[in-house]
Every structure is written in structure tokens, then in C-alpha cells.
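# Topology and contacts: notes
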Amino acid sequence: MFRESKNLLAQKSFKILPEYKLKCGLEIHTQLSTSKKLFSNSKNDPFMAMNTPNVNVSPFDISLPGTQPIFNYETLLYGLKLASYLKFKDINLESKFDRKHYFYQDNPQGYQITQKFEPLGHNGSLLLSSLIDGVSQDKKINISTLQLEQDTGKSLVRAGETELDNGIIEIDLNRNNVPLIELVTEPDFQSIEEVKAFLLKYRKIVRFLGICNGDMEQGTLRCDVNVNVNDHCLVELKNLPTTSSITHAIQYEYMRQVENLKKGGKGVKETRNWDGEKTVAIRDKNMAVDYRFMPDNELKPLKISTKLIKQIEAKIPFDIDTEIMKLISEPFNLSLLRSNSLLEKDEKSGVFILDYYKTLASKYLYSYNKGGVNMVLLNNIFFNEILVNISKLSNITFKEFTHLFKYENVLDLVNIINEGEMITRPNADRLLHYALSAKLENPDWISLIEQNEISKISLGSLTKVQQDEIYNKILESFDPSILSKIHGKLPEERKSKDLQKFEKGMNVAIKTALELTNYRIDPLDLRKIIINHL
């Protein structure tokens, strides 16, 4: 009998061995963010109602006798939107629902309504890009099916207070009948990096399409992984709430199966749970469960027209990969991180940021720049100052910002900073923070600079006495031992280690000097004062 080690990951660093091929497939459950549940008019908001169990339920959700399902057509539109984006070749024009029978305490119907025989779609795909998704080479992942189905309720086990008290199981049906999309891929994954890349890309897509918030920790996106090595027995891994747990579970399971094969074992087709350290067998898949699938005669077939499919396709604004390639190229030159952030909605207002940025950048590039184009400056102000400040300030959303600040008003500030004559960059950042927090409407930047007495003081306007005074103040924050190893020595005599310490001390000193001068002297000019004195 093969005896598994509980510390397979601790024993050796993980790598896929050439003679033991990894193969994975995914089953992803996507909780749809529709306003109502799949087959009732109950509110669909299970996460927000976690502390108030069984409030978002209808007679059908708790399976009272005589109740019947009422299909929510919004879920169909969400499903078709995803199927269209994932290029499903076969969208079923007469999709049907079936009953999957099994007993569990959080499934009061005794069956789950799903789409076993006539799912919404077959034969989709998603391309993983080496440039965008961090995989070693481009790879197409094939998707076998996309189907609509019900989510189940949740069971909470309360332990007993005494040895004789077995405790109780509490049932919360807020999640029961919440609409899901089940997406099943082909076993095309041959590395963990491909699995992670697919999940991150899929999450980006469902968020972009507005059909799910993609939060794995909330449970709105859940994933089971099918793993096998060298095409031996397939193992299904469950209880994988994060991408980190998915990574570690696949690593553990791969090494467990490799050790088994090395010992001559054949493996077992089974379902295993990830407990945070190891995978644990919970069910033998060779013992087939008879779910007694049958058509649900209480639900009519979903008859879909090609016209509807084309209308939904037309509403998808663009392909994410195509848009990212534009953003990371000339003239925008954004990083992948920044490009991806533009495809997210602002959390507070639900507004996409991409359109605003592209209009702002286009105006700056082609009509509204003074003293030359500086896209690095524009991008830094937009991402590091505007977006960061809006996310931190509690009293303003991105949508409000777009109403308060015209494009030209933002670009006026960019041009003032780019010219470098009127205000230092630190004071410009402080000024922008003030304008956002005060929710000023199209502020007159020049007047604000003058009123707050934060106009730039140039190095040439300072007398030697004033420069000496600033340097002496700076000197107080310097470690004398660092200065002694730099001062009076030729560049070639200075050690790299001493120069690194000096640079670190220099940055601290400049920060001190900025505070002393109310940020009115440019940091580069302060550096010149220090260098000139040394």
C-alpha cells in the first residue's frame, strides 16, 4: 500500500520532471451578479447577507411544496455575453435544463437544476499570451462546455459544548438558487503557470464584462482542478479558495502521484480535498454516483435567436488583449500593471477608467500640450496621484472627478509641471491632493499657487548665504561618518558601499530640506547645493 508523506512540498523544491508529464483541466463556477436569483425573484446578494441568514429567500428557494421555478432571463444574457467573448463555436439555440438528483442538507430540493444534456455552449477557447499573461509561450486553452445552474445553500457546523452534545448544523439558504455559470476546460494545461494565467485572465474577463466581481475569497469564483500524471488516474481537487491554494494543491498532488508511480502504484480515480497542507481523499470516483439526470419539465427550453447573439456580441466594446497591446505600445507606453488597472471599474462608482484616460492622453498628445509632450509625466500624475488619491479619499469617486475636472483643466496642471518654472513636483502633488479632497471644480492652478505661496524658488535666486544656511540644516541630518568617507575624495577613490550609504543619507537630507523650504525648492536643486558644498 502506498503511504503518502504529509510533507511532500517541504522535502524538495517543486519542478515538473521531464519523464512525468502534468496534465490539468479546470471546472470553474462563476457566481453571476444579477439582481435576482436564477429561478425566483429573491435578491441575489449572498455575501452581503452573510450575517443575516435566510433573509434573501422565497418559497421556491426553500422548496416549499407546490412552488415552481420562474426563469430569470438576465442570467441568459450574462451567459451569452461570456460565451460570445470566449468565442464559443456552438451556442445552443434551444438550451434546456435538467435535474441532478442528490441529497445534502443545504440542497432542500433534493436535486440541482443544471444543464447536463443541452448546455448553453460548446467549444470555446481562450488564448494565453506570452506578452500579456506571463506564460512561456502562446497557448490556446480549449473550453468544452458552458452551462447555467443553481448554486446551493451553505452549511455551518456548530460544535457541541459538552461530550454528550453532538452540536448542530445550521443551514443558510441565502446562496441557494443563486445563478452560476459552470465552465469546463479541456485538460490542456501542462504547467501551473498556465493554470494561474488562465484563472487570472478569466477573472479579468468576467469583471470586464460586468457579470461577476471575480472574488475567489468571497466564493463568487470557485475552481476545481482535475490533475493526472502521465495520463494515469485522474484526481479531482476541491476546496481551493485562492490562486495560492490552487498552486500548492497542484504541486502537492503532482509530487504525490509521481512518488506513487515511482513505487509502481497505479493510482486511484478519486476526489481529494486540499486542507492547506496536503490533499486528502474524500470520495472514490470509480464508484459512480447515480445522479438520475432527467429533464426539468417545469422549465421551457431557452429558445435563442441568432439576432440576439449578434446584438450581445456588438455590445462587447473590445478584445482585452488587443486593447492592452495598444496601451503598452506607442504613444501610451504603459506598463502591463497600469494597462490592466484601466480595464477595472472604479470600486466606489463602478465607472470604467479606460475611456477617460484615452481621451485625456489623446488631447494631450495631439492638441493640448505646451513645452513638448511628456507622457511619462502625464501617466505618473494620472496613476500615482489622481487614481491613488481618489482611492484613498472617502469623499470623492472617479465619476465625481470626471464631472469636476475637465480634461483641459488636468492638462493645465500637467503643462505647468512640465514647464518646471512655477511649482516643484512635490508641491504640485500636494496641490492636486488639496483640489481633489476639497472637490474644487476646474480650479485655477496659477491662482491657487499664488494664494498658497507655494511658487517655486529657483537655485539662481538664492544667495550664497542662503544656500549655506540650507546646507547647514541638511548637514544636521547626515551621519558624519558617511560624509567623511565622501568629502574631499576624488570619484575614483570613493567606494561603492560608501556611495550607496551616501545616496541613502542624501535622500533623507533632501526630504528634510524640502520640509524646511515648504517644498518650494526643486529636489534636484537641493541635490546640487549638497554636491557643490562637497
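Look up: the structure comes first, before these words.
Here we summarise the structure given alongside this text. (Residues numbered from 1 in each chain as written. Predicted model: local features only at pLDDT ≥ 70, side-chain atom pairs only at ≥ 80, totals over all residues. Heavy atoms only, no water.)

The terminal C-alpha atoms of helix H9 (residues 375-392) lie 24 Å apart, and with 18 residues this matches the ideal 26 Å at 1.5 Å per residue to within 8%. The largest bend in H9 amounts to roughly 25 degrees and is located at Phe382. Every buried residue of H9 is accounted for by Met375, Leu377, Leu378, Asn379, Ile381, Phe382, Phe383, Glu385, Ile386, Leu387, Asn389 and Ile390. On the buried face of H9, the contacting elements are helix H7 (336-342), helix H8 (354-366), helix H10 (398-404), helix H11 (407-419) and helix H12 (425-437). (Helix = DSSP H or I, 4+ residues; strand = E, 2+ residues; numbered from the N terminus. Expected span 1.5 Å × (residues − 1). Bend = angle between axes of the 7 residues up to and from the residue. Buried < 20%, exposed > 50% of the residue type's maximum accessible area, 1.4 Å probe, protein only. Contact = heavy atoms within 4.5 Å.)

Position of Asp296 relative to the elements: it lies in the loop between strand S15 (294-295) and strand S16 (302-303). At a separation of 3.0 Å, a polar atom in the side chain of Asp296 contacts the side chain of Arg99. In terms of polar contacts, Asp296 uses its side chain to reach the backbone amide nitrogen of Glu298, at 3.0 Å. Not counting the four nearest positions on each side in its chain, Asp296 is found in contact with Phe97, Asp98, Arg99, Tyr111 and Ile113. (Polar contact = N/O pair within 3.5 Å; in protein donor to acceptor, adjacent residues only side chain to side chain.)

Along the chain, the position of Ile28 falls in strand S1 (residues 22-31). A sequence separation of 193 residues divides Ile28 from Leu221, and the C-alpha atoms of the two residues are 7.1 Å apart.

So, on to the pairing of strand S11 (residues 221-229). The element S11 is extensively covered by neighbouring structure, given that eight of its nine residues are classed as buried. By the bridge criterion, nine bridges tie S1 to S11 in an arrangement that is antiparallel. Bridge pairing in S11 links Lys23 to Asn228. Across three bridges, the pairing between S11 and strand S12 (residues 235-238) is antiparallel. Its bridge partner lying in S12, Val225 is registered against Leu237. Here S11 folds back onto S12, and the loop between the two strands holds five residues, one of which, Asn230, carries a positive phi near 55 degrees. (Pairing = 2+ DSSP bridges.)

Let us look at a nonpolar patch on the surface. Nonpolar side chains collect at one region of the surface, where Phe47, Met48 and Met50 lie side by side and expose about 320 Å² of accessible area between them. Take Phe47: its relative accessible area is 34%, and that puts it in the partly exposed class. (Patch = residues over 30% accessible without salt bridge, like charges linked within 9 Å, V, L, I, M, F, W, Y side chains within 5 Å. Areas by Shrake-Rupley, 256 points an atom, 1.4 Å probe, with all protein chains shown as cover. Salt bridge = Lys/Arg side-chain N within 4 Å of Asp/Glu carboxyl O.)

Time to look at the environment of Val373. Relative to the elements of secondary structure, Val373 occurs in the loop between H8 and H9. With relative accessibility at 44%, the residue Val373 sits in the partly exposed group. Through-space distance from the C-alpha of Val373 to that of Asp90 is 48 Å; in sequence the pair is 283 residues apart. Non-local contacts of Val373, meaning those with residues more than four positions away in its chain, are made with Tyr364 and Leu365.

Moving on, we come to the sheet that holds strand S6 (residues 121-128). Spatial ordering of the open sheet is given by S2-S6-S7-S10-S1-S11-S12-S13-S14, a layout of nine strands whose pairing is mixed. Where the open sheet ends on each side, the last strands, each with one partner, are strand S2 (90-91) and strand S14 (279-284). Contacting S1, S11, S12, strand S13 (270-274) and S14, helix H4 (residues 243-262) crosses the sheet at an angle of about 20 degrees to S11. (Axes fitted to C-alpha atoms, helices over the stretch in contact; angles between N-to-C directions.)

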